[in-house]
Amino acid sequence: MMRTYIRCVPLLLFFLLVKTTYAQEITITGRVSSTTNDALAGVSIKSSVGNSSTSTDANGAYEIKTTATANLIFTYMGYNTHTEAVNNRNVINVQLTSS
C-alpha cells in the first residue's frame, strides 16, 4: 500500500508542475510605431522565455503568447532594438527610435 502512494507522488508533482507552467502563459497584444506614430509593419518580436516569436502586420499590430515575467525584444532594420518587460500586462504598445 505504501509503495503505491510513493509511486503516485512523482506523477502528482508532474501534473501540478504542468498546470502551473500552463497557467502562467498569457497573450499579449499591441502596436509598434515609429516616434512619429507611423505604424511599422514587419517588426520582429521575440520572447526572452521559450521560442515564442511573431511579427507586426501592416497596421503595426501584433499578438504573442509568453509568460507574465518575460521580456519582449523588438527588432526592425534601421531602428534601435527595444526590450520591454511584460510585467503581467496584456497590452504593450511600443515606439521604436530610428538608429
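Residues numbered from 1 in each chain as written. Predicted model: local features only at pLDDT ≥ 70, side-chain atom pairs only at ≥ 80, totals over all residues. Heavy atoms only, no water.

Describing the environment of N88
For clarity, the cut-off: To qualify as a helix, a DSSP run of H or I must reach at least 4 residues; to qualify as a strand, a run of E must reach at least 2; elements of each kind are numbered from the N terminus. We call two residues in contact when some of their heavy atoms are within 4.5 Å.
Considering the arrangement of structural elements, one finds N88 in the loop between β6 (82–85) and β7 (94–96). Considering only alpha carbons, one finds N88 and T67, 21 residues apart in sequence, at a separation of 8.0 Å. With residues up to four places along the chain from it excluded, the contact list for N88 reads I26 and A68.

Regarding the pattern of salt bridges
Put simply, the rule reads: The term salt bridge refers to a pairing of a side-chain nitrogen on Lys or Arg with a carboxyl oxygen on Asp or Glu at a separation within 4 Å. Only protein chains enter the calculation, and the probe is 1.4 Å; a residue is then buried if its accessible area is under 20% of its type maximum, exposed if over 50%, and partly exposed in between.
Summed over all chains, the structure comprises 1 salt bridge. Linking E84 and R89 is a salt bridge whose minimum nitrogen-to-oxygen distance equals 3.0 Å. Classification of R89 as partly exposed rests on a relative accessible area of 31%.

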